[in-house]
Amino acid sequence: LAVPPEALVATMEANQKFFPVLGEDGRLLEHFIGIANIASKDEAQVRLGYERVIRPRFADAQFFFTEDIRQGLASMNAGLGAVTYQASLGSVADKVARVAALAEAIAPSAGVDPALAARAASLSKADLQSRLVGEFPELQGIAGRYYALQDPALDDLAVDARTAVANAIDEAYAPRHAGDDIALSPLGKVLAIAERADTLAGGFAAGLRPTGNKDPFALRRNALGLARTVIESALELDLGALLGRARALALDAMVASAESALAAASGDKDRERAQKRLDDALADRAADPQAGIDALYDFILDRLKGYYADRGVPAQHFAAVAALRPQSLHDFNRRIAAIGSFAELPEAEALAAADKRIRNILRKADGDVPGTVDPALLSEPAELALAEAVEAVHGDTAPALASGDYVDVLARLARLRPQVDAFFDAVMVNAEDPAVRGNRLALLQRLAGRLGSVAAIEHLSG
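Not measured: the values here are computed from a predicted model.

Participant: How should the pairing of strand S1 (residues 19–22) be read in this particular structure?
Facilitator: Consecutive side chains of a regular strand alternate in pointing toward one face of the sheet and then the other. Relative to strand S2 (residues 28–33), S1 runs antiparallel, the two sharing three bridges. Bridging from a neighbouring strand, Leu22 pairs with Leu28 of S2. The hairpin turn running from S1 into S2, its antiparallel successor, is five residues long, and Gly26 in that turn takes a positive phi close to 85°.

Participant: For this particular structure, what's the right way to read the pattern of salt bridges?
Facilitator: Pairing between side chains becomes possible if they bear opposite charge and their charged atoms approach one another. Under the definition given, this model contains 31 salt bridges. Of the charged contacts, one joins Lys125 and Glu195 as a salt bridge, the two residues approaching to 3.4 Å between their closest N and O atoms. In this pair, Lys125 sits in the loop between helix H5 (114–122) and helix H6 (131–135) while Glu195 sits in helix H9 (residues 186–205), placing the two residues 70 residues apart along the sequence. Lys125 sits in the buried class, given a relative accessible area of 10%. Asp396 is the salt-bridge partner of Arg412, the closest N and O atoms lying 2.9 Å from each other.

Participant: Help me understand the packing of aromatic side chains, please; the structure alone is not making it clear to me.
Facilitator: Aromatic ring pairs are reported here in terms of the distance separating the ring centres and the angle at which the planes meet. Tallied over the full model, the rule gives 11 aromatic pairs. Look at Tyr85 and Phe217: their rings are 5.7 Å apart centre to centre, the planes differ by 90°, and that puts the pair in the edge-to-face class. Taken together, the residues Tyr85 in strand S3 (residues 84–86) and Phe217 in the loop between H9 and helix H10 (219–233) connect sequence positions 132 residues apart. Here Tyr85 falls in the buried class, since its relative accessible area comes to 19%. Ring centres of Tyr308 and Phe332 lie 6.0 Å apart, and the angle between their planes is 20°; on these two criteria the pair is classed as stacked.

Participant: Would you mind going over unusual backbone geometry with me for this structure?
Facilitator: Negative phi is the rule for most residues except glycine; trans is the rule for most peptide bonds. With an omega dihedral of -5°, the bond running from Ala174 to Pro175 counts as a cis peptide bond. Mapped onto the elements of the fold, Pro175 is located in the loop between helix H8 (159–171) and H9. Phi at Lys17 takes a positive value of approximately 60°, unusual for a residue other than glycine. Looking at the secondary structure, you find Lys17 in the loop between helix H1 (5–15) and S1. Even without a glycine there, the phi angle at Ala234 is positive, about 55°. For Ala234, the location among the structural elements is in the loop between H10 and helix H11 (239–264). The class of Ala234 is partly exposed, set by a relative accessible area of 41%.

Participant: Can you walk me through the environment of Leu242 in this structure?
Facilitator: Its place among the elements puts Leu242 in helix H11. A relative accessible area of 7% means that Leu242 is categorised as buried. Each C-alpha atom, one on Leu242 and one on Lys364, is 37 Å from the other, the two residues being 122 residues apart in sequence. Excluding residues that lie within four positions of it along the chain, Leu242 makes contacts with Leu102, Ile106, Ile193, Ala197 and Leu237.

Participant: When you look at the packing of H1 against helix H2 (residues 43–71) in this model, what are you seeing that I'm missing?
Facilitator: The angle between the axes and the distance between the axes are what describe a pair of packed helices. Direction vectors running N to C along H1 and H2 enclose 140°, while the axes themselves pass 10 Å from each other. Classified by chirality, the crossing of H2 by H1 is right-handed. Packed against H1, whose contacting residues are Leu8, Thr11, Met12 and Asn15, the element H2 presents Ile54, Arg57, Phe58 and Ala61 at the interface. Here the contact of H1 with H2 is composed, by residue class, of five nonpolar, two polar and one charged.

Participant: What should I look at first to understand the side chain of His317 in this one?
Facilitator: As for its position among the elements, His317 is in helix H14 (residues 315–322). Judged by relative accessible area, which is 12%, His317 ranks as buried. For His317, the residues in contact, after removing those within four places along its chain, are Ile336, Ile339, Gly340, Ala343 and Leu460.

Participant: Teacher, can you tell me more about the packing of helix H4 (residues 92–106) against H5 here?
Facilitator: Contact pair H4 / H5: the axes reach a minimum separation of 8 Å and the direction vectors enclose 160°. Classified by the angle between their axes, H4 and H5 sit roughly antiparallel to one another. Seen from above, H4 lies across H5 with right-handed handedness. Facing H4, whose interface residues are Val96, Val99, Ala100, Ala103 and Glu104, H5 presents Pro114, Ala117, Ala118, Ala121 and Ser122. Of the residues contributing to the contact of H4 with H5, the split by class is eight nonpolar, one polar and one charged.

Participant: Whenever I open this one, the environment of Ala385 confuses me. Can you help?
Facilitator: With respect to the helices and strands, the residue Ala385 is situated in helix H17 (residues 381–403). Along the sequence, Ala385 and Asn439 sit 54 residues apart, while their C-alpha atoms lie 14 Å from each other.

Participant: In this structure, what is going on with H10? I would like to understand it.
Facilitator: Residues that lie three or four places apart on an α-helix share one face, since the helix turns once every 3.6 residues. Here H10 contains 15 residues, and its C-alpha end-to-end distance of 21 Å stays within 8% of the 21 Å for a straight helix at 1.5 Å per residue. The buried fraction of H10 is high, at 11 of 15 residues. Of the residues making up H10, those classed as buried are Leu219, Asn222, Ala223, Gly225, Leu226, Ala227, Arg228, Thr229, Val230, Ile231 and Ser233.

Criteria and cut-off values
Per-chain numbering applies: the sequence of each chain, read as written, is numbered from 1 onward. Local features in this predicted model are restricted to residues whose pLDDT is 70 or higher, and side-chain atom pairs enter the listing and the counts only when it is 80 or higher, whereas totals over whole chains, interfaces and linings include all residues. Only hydrogens and water are set aside when side-chain values are computed; all heavy atoms of the structure are taken into account. The pairing criterion for strands is at least two bridges between them, as found by DSSP. A run of DSSP states H or I qualifies as a helix once it reaches four residues; a run of E qualifies as a strand once it reaches two. Both are numbered from the N-terminal end. Here, a salt bridge means any side-chain nitrogen of Lys or Arg that lies within 4 Å of a carboxyl oxygen of Asp or Glu. Burial classification: accessible surface area is computed with a 1.4 Å probe over protein chains only, and a residue below 20% of its type maximum counts as buried, one above 50% as exposed, and the rest as partly exposed. Aromatic rings from Phe, Tyr and Trp, with only the six-membered ring used for Trp, were paired whenever their centres fell within 6.5 Å, and each pair was classed as stacked if the ring planes differed by under 30 degrees, edge-to-face if by over 60, and tilted otherwise. Two residues qualify as a contact provided that any one of their heavy atoms is within 4.5 Å of a heavy atom in the partner residue. Lines fitted to C-alpha atoms define the axes here, with helix axes fitted over just the stretch in contact, and angles between the N-to-C directions of these axes take values from 0 to 180 degrees. In a left-handed crossing the near helix is turned counterclockwise from the far helix by less than a right angle, and in a right-handed crossing that turn is clockwise. In this classification, the charged set is Asp, Glu, Lys and Arg, the nonpolar set is Ala, Val, Leu, Ile, Met, Phe, Trp, Tyr, Cys and Pro, and all remaining amino acids, among them Gly, are polar. Note on angle classes: values under 35 degrees are labelled roughly parallel, values over 145 roughly antiparallel, values of 65 to 115 roughly perpendicular, and the remainder oblique. Expected span, for any helix, means 1.5 Å times one less than how many residues it has.

Laid out in structure tokens, this is it:
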């Protein structure tokens, strides 16, 4: 029972199909349950047989654990440089270095010490070189947590910091599967996000984007895991900046890997292939990064579409927020909630239809629309009333927009419906006088800017 209980449970369940027994406190007890499909005349012999077959497995687990503790995390980490993560992206040690750099950058957003985040990330894959994980691959991260709690190399940390690092090594894998919880601790969240950002950026840079049902690097699962961790933790994190940094690190890794391949090439054909690979990697790194960042962002949004659909969010609501491409997923989530509240208002459908009509008018306008509204060119009572209402709503909603109180913004915008309806009933936008026409378009453009400040509400119009 000094062995990590997860290892004992794994061997009981996977190898022998036995049931572990837990106490009321959730701890593993010194009992197990086996099922026999025979009517035995001597149950004691069945019990002894089961104990006899499971004892060697427990002994192996104890041996692996003891040897791993003796080896230590630093020694395990040293072996990661010889393990290939992906041919174009270098070794597992290279990946660990990228994740550590990302974790250090993310840490302030989660209120975590950047140095502690980098240190935890630097140890997050060490247990891949352990004997216990070699025998039980499903214990990745879990084994590392136990080793970190006992490793003398972490004795310089305070007890709470050591515990945080140990838990984060395990939580870096969360969520491990569909329906699993996200990482619980702030440090665990940082590692989970950094790990997935690197996996996504590296996968896209290496041309491993999923096609059909094929997704060997589980990029879809990683994208959803990243998004869930940010949203469900309410972290204010600039997703575009994170993806840009992750992509830059991945492209640097591809260049370094190509340079190593070129240096190691021996024959002319090998050198020619290696040189082309290096040239391609250098060209990718020198290209405008925005297209690559946008592709990663869109991939994450595609995962979010299903995430929100599972929570009952209509597709139109998701499309309305996605059209604005918020760079904070926490902000994205707040906008989703706000548009749901707005859609329940009696004015919502008419205002969404008006917004759609306004944008169609603006798209068809000849020439540039003036940037400001000239009050001297306003003459019709309905356009005067709308102009006054638009200026008032800009002032009223500015503080709420700045603070992210999107429900309040949309509720205030809903009160514009009478002025908007009256404007379209009484005013001809495409007036013969070019100056008047341009001024009315400018008024609609200013109105549209505020109507679309939270979400593209025209998506709510059928």
